[in-house]
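# Survey of secondary and tertiary structure
Chain residues, written in single-letter form:
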Amino acid sequence: MVENLKLILFSFTASLGFGIVFHIKQKYLLWAGLGGALTRLCYLLLMEFIDERFFYSLLAAMLASIYAEILAMEFKMPSTVFLYPTILPLLPGSLLYHTAVNFFLHDREAMWENAANCALALLGISIGFVITSTFTYYRRVYFLGKGIASHFKRRPHLGKKKSD
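So, here is what we can say about the structure in this document.

Now for the packing of helix α1 (residues 2-21) against helix α2 (residues 26-49). Here α1 crosses α2 at 145°, and the two axes come no closer than 7 Å. The two elements α1 and α2 cross, and the hand of that crossing is right-handed. Across the interface between the two elements, Asn 4, Leu 7, Ile 8, Ser 11, Phe 12, Ser 15, Leu 16, Gly 19 and Ile 20 from α1 touch Leu 29, Leu 30, Ala 32, Gly 33, Leu 34, Gly 36, Ala 37, Arg 40, Leu 41 and Leu 44 from α2. Here the contact of α1 with α2 is built from residues that sort into 12 nonpolar, 6 polar and 1 charged.

Attention now goes to helix α5 (residues 93-104). An ideal rise of 1.5 Å per residue puts 16 Å on 12 residues; α5 measures up with 17 Å between its terminal C-alpha atoms. Looking one or two places after α5, you find His 106, whose phi comes out positive at around 60°.

This brings us to helix α4 (residues 80-87). Within α4, 6 of the 8 residues are buried, which leaves the element mostly enclosed by the surrounding structure. For α4, the full list of buried residues reads Val 81, Phe 82, Leu 83, Pro 85, Thr 86 and Ile 87.

You will see that His 23, though not glycine, has its phi angle at about 55°, which is positive. Secondary-structure assignment places His 23 in the loop between α1 and α2. The exposure class assigned to His 23 is exposed, which follows from its relative accessible area of 71%. In this structure, Lys 76 takes a positive phi of about 55° despite not being glycine. With respect to the secondary-structure elements, Lys 76 resides in the loop between α3 (53-75) and α4. Looking at Lys 76, the relative accessible area reads 75%, which means it is exposed.

A few words now on a nonpolar patch on the surface. Judged by side-chain polarity, Trp 31, Leu 34, Leu 38, Leu 41, Leu 45, Phe 49 and Leu 63 come together as a nonpolar surface patch covering roughly 640 Å² of accessible area. It is α2 that provides the largest number of residues to the nonpolar patch, a total of 6 residues.

On to the pattern of salt bridges. Side chains that carry opposite charge are capable of pairing whenever their charged atoms lie near each other. All chains considered together, the criterion is met by 1 salt bridge. A salt bridge links Lys 6 to Glu 3; the nearest nitrogen and oxygen atoms lie 3.8 Å apart. Here Lys 6 pairs with Glu 3, and both are found in helix α1, just 3 residues apart, close to one helical turn. Glu 3 sits in the exposed class, given a relative accessible area of 52%.

Another point: the nonpolar core. With 21 residues, the main nonpolar core has Ile 24, Ala 60, Phe 82, Leu 90 and Phe 129 as its most contacted residues. Sorting the residues of this core by element identifies α2, α3, α4 and α6 (108-144) as the ones contributing at least two each. Top element by residues in this core is α3. It accounts for 7 residues. Ile 24 has contacts with Gly 19, Leu 29, Ala 32, Val 81 and Pro 85, leaving out every residue within four places of it along the chain.

On to the side chain of Thr 39, then. Tracing the sequence through the fold places Thr 39 in helix α2. A residue is classified by how much of its surface remains accessible, and Thr 39, at 1% relative accessible area, is buried. Of the polar contacts made by the side chain of Thr 39, one reaches the backbone oxygen of Gly 35; its length is 2.7 Å. Here Thr 39 is in contact with Ala 60, Leu 63, Ala 64, Thr 86 and Leu 90, once residues within four sequence places are set aside.

Procedures and definitions
- Residues numbered from 1 in each chain as written.
- Predicted model: local features only at pLDDT ≥ 70, side-chain atom pairs only at ≥ 80, totals over all residues.
- Heavy atoms only, no water.
- Axes fitted to C-alpha atoms, helices over the stretch in contact; angles between N-to-C directions.
- Helix = DSSP H or I, 4+ residues; strand = E, 2+ residues; numbered from the N terminus.
- Left-handed = near helix turned anticlockwise from the far one by under 90°.
- Contact = heavy atoms within 4.5 Å.
- Nonpolar A, V, L, I, M, F, W, Y, C, P; charged D, E, K, R; others polar.
- Expected span 1.5 Å × (residues − 1).
- Buried < 20%, exposed > 50% of the residue type's maximum accessible area, 1.4 Å probe, protein only.
- Patch = residues over 30% accessible without salt bridge, like charges linked within 9 Å, V, L, I, M, F, W, Y side chains within 5 Å.
- Areas by Shrake-Rupley, 256 points an atom, 1.4 Å probe, with all protein chains shown as cover.
- Salt bridge = Lys/Arg side-chain N within 4 Å of Asp/Glu carboxyl O.
- Core = buried A, V, L, I, M, F, W, Y, C linked by side-chain atoms within 4.5 Å.
- Polar contact = N/O pair within 3.5 Å; in protein donor to acceptor, adjacent residues only side chain to side chain.

By themselves, these figures tell us nothing about what the structure is for.
Structure representation (structure tokens):
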């Protein structure tokens, strides 16, 4: 339990630091850190109930992406401002590390197992982002309706000169 609280606190700090490095405005830094902490909390909870790395990575990525999209709509900013710091706790750094170590130690079996787990985690994260971003894009088009659709249509009155 204490280890999980440490992980959540470290995720908050890492996401906050990531936001500082990438020059997120100061008033949004707390939201970026909170997103990292919530993503780690979700990830840890899903790990307890779901055995497949792909699925708990996918669901945690979807939550992170939904969080970023909600904040983007609230603050009228691009979702990537909040998404990048929020997804930091999901990155499978330890799996990449162990894959490389086992490669150099010539432990092929452990290397391939870690590489497969890393690929499953990254695939789940990617698909989670794609699902959420597709859903939010079509949600915006549906609810904003003709306002967005009119931008995609050619406007015949533009570019024509008025004749007297």
